Amino acid sequence: MKRTLAVLAVIAFASLCIPVAVHGQNTITGTVLDSLTQEPLQFATVYINGTTKGTVTDADGHFELRDVSFPATLVFSFVGYKPQAHDIARNPGHLSVNLKPNIELPEVVITDKKVKRKDLTYFKSMFLGDDRWGRHATIRNESAIMIENTNYNGASIFNAWASEPLIIDLPLLGYVLYVDLVYFTVEHIGGNTLCDMLGYFYYKPYTIGKESKLVSFEKNRRQAYYNSSQHFLRSVYENRLEENGYILAMADNSTIIRLDIIKYNPIGVEKYSDIIEDSIMQIHGLKDKRLKILYYHKHDGTPLNLKENKTTLYPFSESGIAFMKDTCVFYKDGIVIDNNIRFMGEMSEKRVGACLPDDYNIDND
């Protein structure tokens, strides 16, 4: 679905994914138990949030997760139990985790099949996306989705959550994605649409041996990655916006036609950014500014190096970015840890159907 910059549309993936640093390799071991009976839970899933790294417990509820980089968010998930997320700064030693049965989950029953089908269709379009990626993605266990519609102070509020981990096929990207969805909310206020979400993501790559399929997956992953919020924020962190095809500009009414006659008010993001800790960048002084992101690219979607190409006619796309606080932070992997950096326009259209693991990398990025 197309949106203009006046329509705020943001999926707070930041609340979901704590990125993985590149140091401190370790093995985490532990046991997962039922909190009421203290019986071990076999086949419980243990994973690093937002990544492809995970495992399952054995008959004794024991797990071993190797090569973990800290800091990380460790998630414990099992059907019929509330997921738990633990932020870990260093190796915690042997963990004993008690999962609580999900007995307090509210039930929302929609008896009208047409209404239910309409709500599910709306959920999938907002959650997975209406673009190529979202249309190809499918949710295997749609019956686990709970939906509630409310109105509050003139706002129309659409709420959804899941009674068990959602199993999502991403056939273009070559992943099966497991999402422990705590909540997904869409608010319509006036002419604005605000999406917010809390959940935990675990990616399992397809196990397909054909080289042609692997090549196709990687090609599609690159296409989804370029001009994404992840790619943009990584470029900011590395101070490589121009090399990766981006111009960050103050919003104005200029007509942008091509690079050599462009009229814009670009900003040097280095004036507003500092690396405050290893792998963490802080953006300051841009609260309440209207900013646009211009992404110039070749015809195959790969970024145009703007330091080498100044006068050539190339296509571009336009997005927006808003900083909700005087100081906002994000990680070097391009992951935001709160909902204070929001994207609009084309970047916001990439939803879960186009979402890549936090640890995704390409050779020439």
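Residues numbered from 1 in each chain as written. Predicted model: local features only at pLDDT ≥ 70, side-chain atom pairs only at ≥ 80, totals over all residues. Heavy atoms only, no water.

### Examining the confidence of the model for the protein
Test applied: The pLDDT value tells you how sure the predictor is about a given residue, anywhere from 0 up to 100. Should any heavy atoms of two residues lie within 4.5 Å, those residues are counted as being in contact.
Residues at a pLDDT of 70 or more form 84% of the protein, whose mean pLDDT is 85. Per-residue pLDDT stays below 50 along residues 1-24; that stretch engages in 99 contacts with residues further than four places along the chain or on separate chains. Between residues 253-261, whose pLDDT stays under 50, and residues either more than four places distant or in other chains, the model counts 21 contacts.

### Here's the deal with the side chain of Asp34
Condition: Strands are runs of DSSP state E lasting at least 2 residues, helices are runs of H or I lasting at least 4, and numbering of each runs from the N terminus. For every residue, the accessible area obtained with a 1.4 Å probe (protein chains only) is divided by the maximum for its type, and the residue is called buried under 20%, exposed over 50%, and partly exposed between those limits. Under this rule, positive means Lys or Arg and negative means Asp or Glu; His and the chain ends count for nothing. Any carboxyl oxygen of Asp or Glu within 4 Å of a side-chain nitrogen of Lys or Arg constitutes a salt bridge here. Two N or O atoms count as a polar contact when they lie within 3.5 Å, although within protein this holds only if one can serve as hydrogen donor and the other as acceptor, and sequence-adjacent residues are included solely when both atoms are side-chain atoms.
Mapped onto the elements, Asp34 comes out in strand E1 (residues 23-34). We note that Asp34 is buried and unpaired, the nearest opposite charge coming from Lys100 at a distance of 11 Å. For Asp34, the side chain forms a polar contact with the side chain of Tyr81, separated by 2.5 Å. When near neighbours in sequence (up to four residues on either side) are disregarded, Asp34 contacts Glu39, Leu41, Tyr81, Asn98, Leu99 and Pro101.

### Examining the pattern of salt bridges
For the structure on display, the rule yields 8 salt bridges. For Asp169, the salt bridge is made with Arg140, and the minimal N-O distance between the two is 2.9 Å. Of the two residues, Asp169 is situated in strand E11 (residues 166-170) and Arg140 in the loop between strand E8 (138-139) and strand E9 (145-152); the sequence distance between them amounts to 29 residues. For Asp169, a relative accessible area of 15% gives the class buried. Note on Arg140: relative accessible area 51%, which makes it exposed.

### Side note on the environment of Leu194
Among the secondary structure elements, Leu194 is positioned in strand E13 (residues 192-205). When the C-alpha atoms of Leu194 and Ile157 are compared, they prove to be 9.6 Å apart, with 37 residues separating the residues in sequence.

### Thoughts on the pairing of strand E16 (residues 273-277)
Quick reminder of the rule: A pair of strands is treated as paired once DSSP finds two or more bridges between them.
In this sheet, strand E17 (residues 280-284) lies alongside E16 in antiparallel orientation, the contact comprising 4 bridges. If you follow Asp274 over to E17, its bridge partner there is Gln282.

### Observations regarding the sheet that holds E17
Formally: All axes here are fitted lines through C-alpha atoms, helices being fitted over the stretch that makes contact, and every angle between N-to-C directions spans 0 to 180 degrees.
Overall, antiparallel pairing links the 3 strands, which are arranged E16-E17-E20 in an open sheet. Of all strands in the sheet, those bounded by a partner on one side alone are E16 and strand E20 (327-331). With strand direction ignored, the average angle separating the axes of adjacent strands in the sheet is 30 degrees. Those strands touched by helix H4 (residues 229-237) are E16, E17 and E20, and its axis lies near 90 degrees from that of E17.

### Looking at H4
Among the 9 residues of H4, 8 are classified as buried, and the element is accordingly described as predominantly covered. Taken together, the buried positions of H4 are Gln230, His231, Phe232, Leu233, Arg234, Ser235, Val236 and Tyr237. Following H4 by one or two positions, Asn239 has its phi on the positive side, about 55 degrees.

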